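Each chain, written out:
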Amino acid sequence: MKFSNEEILETIGMIAEGKLDIRTVTLGISLLDCSDPNPAACARKVREKILARGEKLSDKADFVANEYGLPIVNKRISLTPLSLVVPVADPAAFLEVARAVDLAGEEIGVNFVGGYTAMIQKGETAIDRALIAAMPEVLATTQRFCASVVLATTRAGINMDGCYTMGRMIKDIAARTADQDGIGCAKLVLFANPVEDNPFMAGAFYGIGESESSILVGVSGPGVIRRAIEKLGPAADLGQVAEAIKKSAFKITRAGELVGKEMARQLGVSFGNLDLSLAPTPAEGDSVGQVLETMGLAMPGAPGSTAALMMLNDAVKKGGLFASSSVGGLSGAFIPVSEDASMIEAAKVGAITIEKLEAMTSVCSVGLDMIAVPGSTSAETLAAIIADEMAIGCANHKTTAVRIIPAPGKDIGDFVHFGGLLGEAPIMAVSRISADNFVRRGGRIPAPLQALRN
Amino acid sequence: MGKNKKSIVVTVIGKDEVGIVAKIATALAEKSINIIDINQKILGDEIFAMTLLADRANSSLSLPEITAKLKEAVKDMSLNVTVQDSEVFQYMHRV
């Protein structure tokens with residue numbers, strides 16, 4: 001036979017027990033031809049383009065998932081940053097277009113649309129200011145449109161005024177969605193060095209270097225990796241563990257490549273790229289934290305977590321890069337707290353802290369992700385936490401991000417419940433030491449040195 | 001890497017009983033799906049595992065329809081049936 005029994009049963013086991021799935025098929029759509037100074041006309045053009053390009057996305061994804069027996073969990077849309085599409089410095093215009101995007105997303109059956117995005121790493125335009133001013137209202141009154149703001153890049157440094165502004169915005173968004181534990185903040189990602197072809201939400205936007213429309217695929221499979229390590233047993237050394245991770249990552253990536261190419265063919269668009277990120281969900285067995293536990297840590301956050309995560313992240317990339325010539329996006333392990341059963345547990349018992357998470361984000365993607373903190377956390381402290389994470393991205397030439405939720409009325413010991421893929425999380429402690437005067441200085445932290453890096 | 005869009009892999013796993021292969025083979029034949037190769041073994045004492053490569057070029061059924069037909073054929077048995085385009089295995093296990 002073309003394939004051995006063992007090979008076929010391995011794949012079946014990966015899907016049934018390892019929960020191998022295609023985490024997201026994201027259709028990137030350029031909106032550069034939808035710009036119009038009349039907000040109503042702009043909203044109409046944007047809506048029509050999303051419907052024209054995306055109407056078959058859901059059906060085709062279901063068809064491809066059935067053909068290959070590989071579940072496709074999410075179908076999503078990523079758009080050109082809206083700050084490049086709406087050419088008027090009026091918050092009401094952004095609100096109108098955002099509502100049209102939200103409705104169009106609902107019509108074509110996607111659960112998230114990314115691209116309510118501004119890039120202000122070096123400074124804001126009047127249009128960026130309008131987009132940001134409308135953001136709390138947009139996130140509180142739309143269901144699926146996700147926002148992102150670029151606050152830093154290695155070449156520009158860190159926009160500290162922007163960090164402070166976003167600290168205040170996060171407080172505002174949390175207050176407006178207080179009845180749902182501040183869920184609006186779960187739809188906002190603050191970036192250093194973002195990629196333009198990320199298929200994962202909430203941080204996806206479709207960069208201006210991309211084609212008219214393309215398929216971006218995010219594969220996942222922390223469960224598959226965990227099973228491969230488990231099979232080795234506790235006696236295997238870390239070199240052998242890395243080897244097992246590589247081999248599994250290769251197979252996972254091949255599955256994603258097949259689905260991505262077929263989706264692109266079915267929709268008549270190009271295959272943009274495959275994102276190799278290991279992304280957890282709250283479902284049992286679908287946890288990146290559990291991979292670390294299988295490697296030998298009692299819980300994520302234990303000493304050794306940063307080393308274990310570096311190896312995991314690196315081995316996944318090495319296996320995946322050989323499997324596909326279209327690797328892109330973020331391509332690194334995600335460690336969102338509220339979306340990962342083992343991370344939730346570790347946060348609950350205090351095994352993992354914001355400070356340890358910050359260290360771990362220096363060796364993986366993406367950053368301080370889905371972290372709930374006391375509602376009383378000040379805008380200045382939020383801005384300082386954001387700035388720290390931006391600094392890690394800037395200095396290390398990598399993407400980092402912050403998605404933090406100051407849950408209104410909640411404090412240490414409380415829980416927030418977002419439901420669905422966003423999961424639930426214990427409120428984590430924030431340092432009480434003030435950074436207020438540092439943050440209030442504002443300005444820009446200059447770009448870090450590119451040479452003499454020893 | 002040969003690409004045959006019509007080739008499918010059927011996997012049947014579960015409790016061993018008399019007549020599983022016969023029922024699956026009959027159901028496939030009724031829908032003009034031609035068996036190309038079969039691997040079958042008993043794992044441990046009683047776990048039945050069969051992988052089967054077939055050609056559906058002459059069948060008008062979609063994969064979900066084939067899956068439903070096979071599940072119907074063995075519905076009184078404790079078996080798990082999956083049907084996938086063989087390209088999945090080509091991609092995952094062959095460089």
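This text goes with the structure placed above it.
Cut-offs applied
- Residues numbered from 1 in each chain as written.
- Chains lettered and ligands numbered in written order.
- Predicted model: local features only at pLDDT ≥ 70, side-chain atom pairs only at ≥ 80, totals over all residues.
- Heavy atoms only, no water.
- Helix = DSSP H or I, 4+ residues; strand = E, 2+ residues; numbered from the N terminus.
- Buried < 20%, exposed > 50% of the residue type's maximum accessible area, 1.4 Å probe, protein only.
- Contact = heavy atoms within 4.5 Å.
- Polar contact = N/O pair within 3.5 Å; in protein donor to acceptor, adjacent residues only side chain to side chain.
- Buried area = accessible area lost by both parts, 1.4 Å probe.
- Salt bridge = Lys/Arg side-chain N within 4 Å of Asp/Glu carboxyl O.
- Nonpolar A, V, L, I, M, F, W, Y, C, P; charged D, E, K, R; others polar.
- Pairing = 2+ DSSP bridges.
- Axes fitted to C-alpha atoms, helices over the stretch in contact; angles between N-to-C directions.

Caption draft 1: Up close: the environment of Ala104 of chain A. Residues and elements named next belong to chain A. Structurally, Ala104 can be placed in helix H4 (residues 91–107). We classify Ala104 as buried; its relative accessible area is 0%. Through-space distance from the C-alpha of Ala104 to that of Ala302 is 45 Å; in sequence the pair is 198 residues apart. With near-sequence residues (within four places) excluded, Ala104 lies in contact with Arg47, Ile50 and Leu51.

Caption draft 2: Looking closely at the side chain of Asp36 of chain A. Structurally, the position occupied by Asp36 of chain A is in the loop between strand S1 (21–29) and helix H2 (39–54). Reaching out from Asp36 of chain A, the side chain makes a polar contact with the side chain of Lys45 of chain A at a distance of 3.0 Å.

Caption draft 3: Just the interface of chain A and chain B, in detail. At the junction of the two partners, chain A supplies 28 residues and chain B supplies 32 residues. Buried area between chain A and chain B, both sides added, is near 2,800 Å², and the carbon and sulfur share of it is 61%. The interface formed by chain A and chain B includes 3 salt bridges. A salt bridge links Lys41 of chain B to Glu6 of chain A; the nearest nitrogen and oxygen atoms lie 3.5 Å apart. Where chain A packs against chain B, one counts 11 residue pairs in polar contact (both at pLDDT 80 or more). Those elements that place two or more of their residues in the side of chain A that touches chain B are helix H1 (5–16), helix H3 (57–68) and helix H8 (238–267) of chain A. The element that contributes the greatest number of residues to the side of chain A that touches chain B is H1 of chain A, accounting for 10 residues. Looking at the side of chain A that touches chain B, its residues break down into 14 nonpolar, 4 polar and 10 charged.

Caption draft 4: Quick peek at the sheet that holds strand S4 (residues 79–85) of chain B. Residues and elements named next belong to chain B. Pairing within the open sheet is antiparallel, and its 4 strands lie in the order S2-S3-S1-S4. Each end of this open sheet is capped by a strand with a single partner; those strands are strand S2 (34–43) and S4. Taken over all neighbouring pairs, the strand axes of this sheet differ in orientation by 15° on average, direction set aside. Of the strand pairs in this sheet, strand S1 (residues 7–15) and strand S3 (residues 47–55) are connected by 9 bridges, and their pairing is antiparallel. The residue bridging Ser7 from the neighbouring strand is Asp55, located in S3. Taken strand by strand, helix H2 (residues 63–73) contacts S1 and S4, and its axis lies near 160° from that of S4.

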